[in-house]
Structures are given as structure tokens and as C-alpha cells.
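Observations on the model geometry
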Amino acid sequence: MGREVTEMREKVKLLVGVIALQLCMAGFHIVSRAALNIGISQLVFIVYRNCIALLLLAPCAYFLEKGHRPPLTFSLLVQFFLLAILGILANQGFYLLGLYYLSPTYASAIQNAIPAITFAMAAALRLEEVNLKKRYGVAKVVGTVVSIGGATVITLYKGHPLLSQQPKIFIQQQHLSILSSTQILNWTLGCVYILTHITSWSAWIVLQVPVLKKYPARLSVLTLTIFFGLVQFLIIAAFTENDIDKWKIHSGMELFTILYAGLVASGLALSLQIWCIDRGGPLFASVFQPVQTVAVAIMAALILGDQLYTGGIIGAILIMIGLYSVIWGKSEEIKARGEQGIEPNMTRHLLSNQDTLNKEHEAPIIDIA
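Residues numbered from 1 in each chain as written. Predicted model: local features only at pLDDT ≥ 70, side-chain atom pairs only at ≥ 80, totals over all residues. Heavy atoms only, no water.

Turning to its location among the elements, Ser32 is positioned in helix α1 (residues 2–37). Of note is the side chain of Ser32, whose polar atom sits 2.8 Å from the backbone oxygen of Phe28. Ser32 has contacts with Phe45, Tyr95, Leu96 and Leu99, leaving out every residue within four places of it along the chain. (Helix = DSSP H or I, 4+ residues; strand = E, 2+ residues; numbered from the N terminus. Polar contact = N/O pair within 3.5 Å; in protein donor to acceptor, adjacent residues only side chain to side chain. Contact = heavy atoms within 4.5 Å.)

So this is what it looks like as C-alpha cells:
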């Protein structure tokens, strides 16, 4: 009886943890949109966020993986630099570019297609098995097609607005009210930017596999990737953001958005992510991804006065169906391999964007939104 109660408590803790994780990341979408609304430079916002993330991660990587890191070589540094182009520069840069034109609700919805795009890339590189003779193989392929189809629907078909009531809550800066719905200047362009964001994110996940085989110190890889990404953004900022006034924090709202992005999205959420994957596994964490999209939709409507459109809803539903199809297929594949006593291949965790914690030294592959 005592054991059952303990197990139930652990399940409740895990459920609370994974929902808290999704809410933290949902808040990041809203905060990022608010930062754009009040006029923070996109480059400045990204640079400050990554500075905070680097300050949080570097000590953890140094002490937790001390003595277990292979020696750094020039070849590895070049690979980390290239990973930074995908995982930091393109990933974060195109996300904010897309968010400028698009609603945070649909930015979050399109992100649910990441497992499908990751699978497609891994399959193309023969890092992921495609077996159409098995149900799980068909489920992964069908889920990929449906997810990409949903993203295409959102991109090409905006549809009719679903909310007729005008928003009452909005962001104010210097006596100017700016509503997120008025900032959607080009729906298609915003979707293209977000699709580029998730494509670079998926490529970053796939290409980490060979790098981690050579340098199996994952927190260190993440820290070095963020470092090189920060350097890349600083180089760009040196030519495009040379107005010192743009680097100053002018209000409490600006400070809040930057601190939330750095401390909550890159700090608290990162810790929750590691804990949830350690306790529940990568697939469990992925199943709750749509909770983030629903939370973003509610918060965006209440806080930013966001508008929902029929095309976006149809596309989001298709993406979520595809997401669960891919996750189910991957889960069944892992079970089948386990029953047959076959050792999973090195890419078994690609679709969930995470890896289970190695009980000795390793940390999971971390997503950087």
C-alpha cells in the first residue's frame, strides 16, 4: 500500500512538472511577443537572453562534466561553430523574425511539427529507420506527411477570424497601445520564417548525433554552442545595432522580458526539462507539447488580444495529429526492438528532441527555442 502511494505521488509530481514546463515555455512565447511590441531590438533581446543562459549553463557544464570531457580539437570547435549557426543563430533569429509577423499561438502550433521534420531529415540521412512493413513505420511516415501538411495549411490559408470581441488587455509603452493583432503584417512571410526556424532546429538536433559520438559531454556541447552563437550574434550586432541607446534597458517591462527569457526559459524550464525526461522519458515529455500551444492561445487572447483564424486552427489540429502519430510510431518501434532484444540505434531519441539521462555522467540533448 505504501509503495502504491509513493508511486502515485511520483506520478503526480511528474505530471505537475511536465505541465509546469509547458507553461513556462508558453510564457516565453508571450514574453517574446511583448518584447517586440514594446520595441526591444530583436538582436539585443537575443544577445541578453543568451548571455544569461551562458552564465547559468557554463558553471553546471564545468563542474558536472569535469574530468569526463574529451580534449577539444580544432575540428570539434568548427563543428560547434556550425551547430551554433543552426541551433542558435538561425533557430532563435528566424523565430523572432517570424513572431514579428505572426501570432505567438501559431508560432507555437507550428513548432509541434519539429518531431516530424526531424524524422524526415534523419530518414533522408539514413540515421532513422523507415520500415513501411510495420505499423509503427507507417505511423511515422503518415504523421510526418500530416504534420507538414498542417504547417502548409497555416502558411497558405489564413481563413476567417474566429473572435469578434476586440481585445481589452494590451501592452503600453510611452503612452502607445500596441496590439499583437495589428502587428501581423504578413501572415505567409511570418509562417515561412517560423518554418525556417523549426527546420534549422530539427537540423541542429539531427547533426548533434555525430558530434556527440565524438564529444559525449552534452552540457559542455550545449554551452559551447551557445557561446559560439552569442559570438555570431555579437558580430552581426556590431554592424546593425551600433546605437548604444538600443542596448539600454528603459523600463521594468523590458527588464522583465529579458530576465524571463534568460532565467525562466533558459534556466527554470531547462531544469524542469531535464528532470521530466529523467523521470518520465523523452516520449512522455513530447506528448504534452500541445499543452503549450493551448496555453499560448489562451494567454495570447487575454494578454495580447490575439486573434484566431480558421486556417490556423485547421493547420494546428493537423500538426497535432501528425505529432501524436509520429510519437506513437516511435514508441511502438522502441517496444518492438526491446521485445526482440535488439539494441536501439544511435538515433532512437531524435524524434523526441531529447535523450534519457545516463545515470553516470550524461545530460539530455536540450532544445533551444
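Here the narrative resumes, following the displayed structure.
This brings us to a nonpolar patch on the surface. A surface patch of nonpolar side chains, amounting to about 380 Å² of accessible area, comprises Leu56, Ile249, Leu255, Leu259 and Leu263. If you tally residues by element for the nonpolar patch, the top one is helix α9 (residues 252–280), at 3 residues. Mapped onto the elements of the fold, Leu56 is located in helix α2 (residues 42–64). (Patch = residues over 30% accessible without salt bridge, like charges linked within 9 Å, V, L, I, M, F, W, Y side chains within 5 Å. Areas by Shrake-Rupley, 256 points an atom, 1.4 Å probe, with all protein chains shown as cover. Salt bridge = Lys/Arg side-chain N within 4 Å of Asp/Glu carboxyl O.)

So, about the environment of Ala261. As for its position among the elements, Ala261 is in helix α9. Separated by 229 residues in sequence, Ala261 and Ser32 have C-alpha atoms that sit 7.6 Å apart.

Going through the model one piece at a time under the given rule, you end up with 12 aromatic pairs. Where Trp187 meets Tyr309, the ring centres are 5.5 Å apart and the plane angle is 75°; that geometry is what we call edge-to-face. In this pair, Trp187 sits in helix α7 (residues 187–214) while Tyr309 sits in the loop between α11 (289–304) and α12 (310–339), placing the two residues 122 residues apart along the sequence. Residue class for Tyr309 comes out buried when judged on its relative accessible area of 12%. (Phe/Tyr/Trp six-rings, centres within 6.5 Å; stacked < 30°, edge-to-face > 60°. Buried < 20%, exposed > 50% of the residue type's maximum accessible area, 1.4 Å probe, protein only.)

What follows is about the pattern of salt bridges. Taken as a whole, this structure holds 5 salt bridges when the rule is applied. Linking Lys13 and Glu10 is a salt bridge whose minimum nitrogen-to-oxygen distance equals 3.8 Å. Taken as a pair, Lys13 and Glu10 lie in helix α1 at a separation of 3 residues, close to a single helical turn. With a relative accessible area of 33%, Glu10 lands in the partly exposed category. Each of the salt bridges in this network shares a partner with another, and the network as a whole consists of Lys140, Lys330 and Glu333.

Following both chains from N to C, one finds helix α4 (residues 104–111) and α7 inclined at 35°, their axes separated by 10 Å at the closest point. Of the two elements, α4 crosses α7, and the hand of that crossing is right-handed. When α4 is examined against α7, the residues Tyr106, Ala107, Ile110 and Gln111 are found in contact with a partner set consisting of Trp187, Cys191, Ile194, Leu195, His197, Ile198 and Trp201. Partitioning the contact of α4 with α7 into residue classes produces 9 nonpolar, 2 polar and no charged. (Axes fitted to C-alpha atoms, helices over the stretch in contact; angles between N-to-C directions. Left-handed = near helix turned anticlockwise from the far one by under 90°. Nonpolar A, V, L, I, M, F, W, Y, C, P; charged D, E, K, R; others polar.)

Counting all residues, the mean pLDDT for the chain is 82, and 84% of those residues have values of 70 or more. Residue range residues 166–184 is modelled with pLDDT below 50. Its contacts to residues more than four positions away, or to other chains, number 39 contacts. In this model residues 345–366 is a low-confidence stretch, pLDDT under 50, and it forms 71 contacts with partners more than four residues away in sequence or in other chains. (pLDDT = per-residue confidence, 0-100.)

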